[in-house]
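Tertiary structure, described
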Protein chains: 2
Amino acid sequence: MSRYTSVLLACSTALAALSGPAMANELRDAALEMFKPLPSTVPAVRDNPITPEKIVLGKALFFDPRLSASGVFSCNSCHNLATGGDDNLETSIGHGWQKGPRNAPTVLNAVFNEAQFWDGRAEDLKEQAKGPVQAGVEMANTPEQVVATLVSMPDYVAWFKNAFPDEGEPVTFDNMAKAIEAFEATLITPAPFDAFLNGDDAALTEVQQAGLQLFMDKGCAACHNGVNVGGTGYYPFGVVQNPGAEVLPEGDKGRFQVTKTADDSYVFRAGPLRNIALTAPYFHSGKVWDLKEAVEIMGSSQLGEELNEEEAVAITAFLESLTGRMPEITYPVLPAETARTPRPSGEVITK
Amino acid sequence: MSRYTSVLLACSTALAALSGPAMANELRDAALEMFKPLPSTVPAVRDNPITPEKIVLGKALFFDPRLSASGVFSCNSCHNLATGGDDNLETSIGHGWQKGPRNAPTVLNAVFNEAQFWDGRAEDLKEQAKGPVQAGVEMANTPEQVVATLVSMPDYVAWFKNAFPDEGEPVTFDNMAKAIEAFEATLITPAPFDAFLNGDDAALTEVQQAGLQLFMDKGCAACHNGVNVGGTGYYPFGVVQNPGAEVLPEGDKGRFQVTKTADDSYVFRAGPLRNIALTAPYFHSGKVWDLKEAVEIMGSSQLGEELNEEEAVAITAFLESLTGRMPEITYPVLPAETARTPRPSGEVITK
């Protein structure tokens, strides 16, 4: 009898020696060795004290399409807070209708990732925020033009002064990124899994509890652990078995492009799994739309484990317990352009 | 001495027989002959009783990029509620990075327009809402695919049932449009001009009051009147003097394309002027970025009147009093796709 079946039996028939609550306690204790519930407050971040003024500014910037050269894309375009903090595309569509190289990760709870991007090339969210703004296939803008845009609008200048009161010239590209990081640090989504870790047995269904047990027993939690159930370490995709070029395109060598170390070929940051049920399609390639299928691929490629139907269903059910409650966000009202605001251009410049 | 100068003198020096408040009362009485303040409640619309359930659904649909074939554009992309209800582009960028033919008008207070689009080809907002969803250069979707997308998500099906409780199959393209219209009817922005019309003398500065007087005296209000200060009648652009091909491109014959009547060549719906200071660039061509310049062009092309600097400044100041307070909008949380949801495609199909 598999571990999975015995867990289910124990839970559903109550014939086992352990009662339901005792089972849940045992499972919780084991889970707390590997995972942490979300904190109840906004976390502190490196070199960037978070203040209400910075959050207000960061929210405006996050939603402002004028950070892009074309005036079409904001951070929220690809990290849409209405749809799980991502764009539900294989890879994002950006400036000039160009396709990005990798699937857009969710911004929700991203503050808890050890580093940002699939290859971890940005140390934190304030470094990350500067990337897409400048990427030719995303927002295609320059730091100079972003600053020129922001200083042209008196409300923005006032908001930057409020957010960075000790600085003589607060409207800078770096401060833009810091404000965005401050806002993003508020994007925390407590989920049933947190309630379970915090002591509420009823927060997870029996199948979800069985899935959590399997998630730990099978080894998924070896890479996907911590507060974000992932996002903290780097591992080769296809550690046991190559998932095939469709899912793992040969041209994208992952962290190798950052470290230039052969060992880092096809190495990626373990995906953080909070809200994973909202953020299909999956993997850096965005090639898999079905969560259960993604679980099965992970089983074979990373664990050398052909999960049976019940196991895959239970683990998927557990992953659904990571879908959290979004913070309530009032849509911002942005400053109007002035005569000095650089005009948008959709032109695609090829270098 | 011009009427404008005498108004300014009367206001600023208090030498005239009329005191400031009496002047304001006279101006208000004249203005109330031509304009109406916004109502304090959401207006009723034709054939579409507005309910809270319909507004909730409509808001979700308005912000949902999955109404577009690519999954990139929502209604809010071009009618961005953060930036005056439009996109601040000359003409919108849509599917495949194609440019739309005309400047996107604001959705704010659009419920008060007699008809929708620059040429009035949609009778109301529910008819309008179906246009961009299907336009190849905008969202490039089909009614069938939209319905397939919506029915694939159980939350949407439930929301449609709540919004259209008497219908057996409520998830239809028409009901999508009705829900969007219901949400858009809530997008009403009371402005200082309304406060002035409602009796608050201090709501408009002296220059704004002088501008209002000029707006009526010079004849602007002959076309731009009613609750939306425009949006209710059709007039040739260049009635006195052609503004030039840059501003009035020859290829766009306006309402002629709707009525096929020679008299309707270069005829457009008079622009509704609420929030005009937020919605540069101006005119159907989106070629003019400066509001005062747009006022001057209107003076010469429509009234045969070369406005002097003070007049243009005062009228522009009055137009700024039409910038209203946005309703507070909580950003929606949208349902997640399912296995049955049609996948997004950025492919550009040329017929």
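To be clear, the structure that these remarks concern was listed above.
Residues numbered from 1 in each chain as written. Chains lettered and ligands numbered in written order. Predicted model: local features only at pLDDT ≥ 70, side-chain atom pairs only at ≥ 80, totals over all residues. Heavy atoms only, no water.

Looking at the overall build of chain A
Formally: Secondary structure elements follow DSSP: runs of H or I of four or more residues count as helices, runs of E of two or more count as strands, with numbering from the N terminus. For the radius of gyration, the atom set is restricted to C-alpha positions; the globular benchmark scales as 2.2 Å times the number of residues to the power 0.38. Only protein chains enter the accessibility calculation, which uses a 1.4 Å probe. A residue is then buried if its area is under 20% of the maximum for its type, exposed if over 50%, and partly exposed in between. The criterion used for residue contact is that any of the two residues' heavy atoms lie within 4.5 Å. Surface accessibility in these figures is a Shrake-Rupley result with a 1.4 Å probe; residues are shielded only by whichever protein chains are displayed. Just so you know, the count uses Lys and Arg for positive and Asp and Glu for negative, and it drops His and the chain ends. By convention, charge coordinates are those of NZ in Lys, CZ in Arg, CG in Asp, or CD in Glu.
Regarding its fold elements, chain A presents 15 helices and four strands. Its C-alpha atoms give chain A a radius of gyration of 22 Å, within 12% of the compact-globule value 20 Å for 351 residues. Residues classed as buried in chain A amount to 55% of the 351 residues present. Counting contacts in chain A only where the partners sit at least 6 residues apart, residues at least 24 apart contribute 71% of the total. Accessible surface computed for chain A: about 14,400 Å², of which carbon and sulfur atoms make up 53%. Between the centroid of the 26 positive side chains of chain A and the centroid of its 45 negative side chains there is a distance of 6 Å.

A short note on the nonpolar core
What counts here: To define a nonpolar core, start from buried Ala, Val, Leu, Ile, Met, Phe, Trp, Tyr and Cys residues and group those joined through side-chain atoms within 4.5 Å.
Formed by 76 residues in total, the largest nonpolar core has its most connected members in Leu 61, Leu 81 and Met 176 of chain A together with Leu 61, Leu 81 and Met 176 of chain B. Sorting the residues of this core by element identifies α3 (52-62), α7 (143-151), α8 (154-163) and α9 (173-184) of chain A together with α3 (52-62), α7 (143-151), α8 (154-163) and α9 (173-184) of chain B as the ones contributing at least two each. Leu 61 of chain A has contacts with Leu 67, Cys 75, Leu 150, Tyr 156, Phe 160, Met 176, Ala 179 and Ile 180 of chain A, leaving out every residue within four places of it along the chain.

Side note on the packing of aromatic side chains
Put simply, the test is: Classification of ring pairs uses Phe, Tyr and Trp, with its six-membered ring standing for Trp, and accepts pairs whose centres are within 6.5 Å; under 30 degrees between planes counts as stacked, over 60 as edge-to-face, and the remaining range as tilted. Here, over-ring charges are defined by two tests on the NZ atom of lysine or the CZ atom of arginine: distance to the ring centre within 6 Å, and angle to the ring normal within 35 degrees.
Tallied over the entire structure, the rule returns 27 aromatic pairs over all chains. Here the aromatic rings of Phe 62 of chain B and Phe 63 of chain B are separated by 5.6 Å at their centres, their planes lie at 80°, and the arrangement is edge-to-face. We note that Phe 62 of chain B, like Phe 63 of chain B, is buried. Put simply, the rings of Phe 62, Phe 63, Phe 183 and Tyr 331 of chain A together with Phe 62, Phe 63, Phe 183 and Tyr 331 of chain B touch in pairs and so form one group of aromatic residues. Over the aromatic face of Phe 196 of chain A sits the side chain of Arg 28 of chain A, whose NZ or CZ is 4.6 Å from the ring centroid.

Examining helix α14 (residues 291-303) of chain A
Residues and elements named next belong to chain A. Operational definition: Expected helix span is given by 1.5 Å per residue-to-residue step, counting one fewer step than there are residues. Polar contacts, as counted here, are pairs of nitrogen or oxygen atoms within 3.5 Å of one another; within protein the pair requires one atom able to donate a hydrogen and one able to accept it, and residues that are adjacent in sequence qualify only if both atoms are side-chain atoms.
Between its first and last C-alpha, α14 extends 17 Å over 13 residues, near the 18 Å set by a 1.5 Å rise per residue. Two or three places before Lys 292, at the start of α14, stands the capping residue Asp 290, its side-chain oxygen 3.3 Å from that residue's backbone nitrogen. Count one or two residues on from α14 and you reach Gly 304, which has phi positive near 60°.

A word on the side chain of Asn 48 of chain B
All names here are of chain B. Position of Asn 48 among the secondary structure elements: in the loop between α2 (20-34) and α3. A relative accessible area of 2% places Asn 48 in the buried class. Those residues within four positions of Asn 48 in sequence are excluded, and the remaining contacts are Lys 54, Lys 126, Lys 178, Glu 181 and Ala 182.

Let's talk about the relation of the copies chain B and chain A
Note the following rule: Here the copies were fitted onto each other by least squares, based on C-alpha atoms from residues at pLDDT of at least 70 in both.
Here chain B sits on chain A after a turn of 180° about the axis and a move of 0.0 Å along it, with an RMSD of 0.0 Å. Between the two chains, the operation in question is that of a two-fold axis. Residue Thr 330 of chain B, judged by its C-alpha, is the member of chain B lying nearest the rotation axis, at 2.2 Å.

Considering the pattern of salt bridges
As a reminder of what qualifies: Whenever Lys or Arg places a side-chain nitrogen within 4 Å of a carboxyl oxygen from Asp or Glu, that contact is recorded as a salt bridge.
Counting across every chain of the model gives 36 salt bridges over all chains. The partner of Asp 64 of chain A in a salt bridge is Arg 66 of chain A, and the shortest N-O contact between them spans 2.9 Å. For Arg 66 of chain A, a relative accessible area of 9% corresponds to the buried category. Taking the shortest distance from any N to any O, the salt bridge between Arg 66 of chain B and Glu 337 of chain B comes out at 3.5 Å.

Notes on α8 of chain A
At 3.6 residues per turn, the α-helix brings residues three or four places apart onto the same side. All names here are of chain A. The cut-off we apply is this: This arc corresponds to the set of directions leading from the helix axis out to the C-beta atoms.
What α8 keeps buried is the set Tyr 156, Phe 160 and Ala 163. The buried residues of α8 all sit within an arc of 65° when viewed along its axis, so they share a single face. Against α3, α7 and α9 lie the buried residues of α8.

Some thoughts on the interface of chain B and chain A
Where we set the bar: Buried area is understood as the total, over both parts, of accessible area removed when two parts are fitted together, assessed with a 1.4 Å probe. When residues are grouped by polarity, Ala, Val, Leu, Ile, Met, Phe, Trp, Tyr, Cys and Pro land in nonpolar, Asp, Glu, Lys and Arg in charged, and all others, Gly among them, in polar.
Each partner contributes residues to the interface: chain B has 36 residues there, and chain A has 37 residues. Counting each side, the surface lost to burial between chain B and chain A is near 3,000 Å², with a carbon and sulfur contribution of 68%. The interface formed by chain B and chain A holds zero salt bridges in total. Joining chain B to chain A, the criterion identifies 12 residue pairs in polar contact (both at pLDDT 80 or more). A per-class count over the side of chain B that touches chain A returns 20 nonpolar, 11 polar and five charged.

Quick notes on the state of the cysteines
All names here are of chain A. Note the cut-off: Cysteine sulfur atoms are paired as a disulfide whenever they fall within 2.5 Å.
Counted by the stated rule, this structure contains zero disulfides over all chains. Of the cysteine sulfurs around Cys 75, a residue in no disulfide, the closest is that of Cys 78, at 9.2 Å. For Cys 75, a relative accessible area of 11% translates into the label buried.

Brief notes about the packing of α14 of chain A against helix α15 (residues 309-320) of chain A
Residues and elements named next belong to chain A. This is how the line gets drawn: Inter-axis angles, ranging from 0 to 180 degrees, are taken between N-to-C directions of lines fitted to C-alpha atoms, where helices are fitted over the stretch in contact. What sets the label is the angle itself: under 35 degrees gives roughly parallel, over 145 gives roughly antiparallel, 65 to 115 gives roughly perpendicular, and the rest give oblique. The sense of a crossing depends on the near helix, which, turned anticlockwise from the far helix by less than a right angle, makes the crossing left-handed and, turned clockwise, makes it right-handed.
At a minimum axis separation of 9 Å, α14 and α15 run at an interaxial angle of 115°. Taken together, the axes of α14 and α15 lie roughly perpendicular to each other. Classified by chirality, the crossing of α15 by α14 is right-handed. Touching Leu 291, Lys 292, Val 295 and Glu 296 of α14 are Glu 309, Ala 312, Val 313, Ile 315, Thr 316 and Leu 319, all from α15. Residues belonging to the contact of α14 with α15 are distributed by class as follows: six nonpolar, one polar and three charged.

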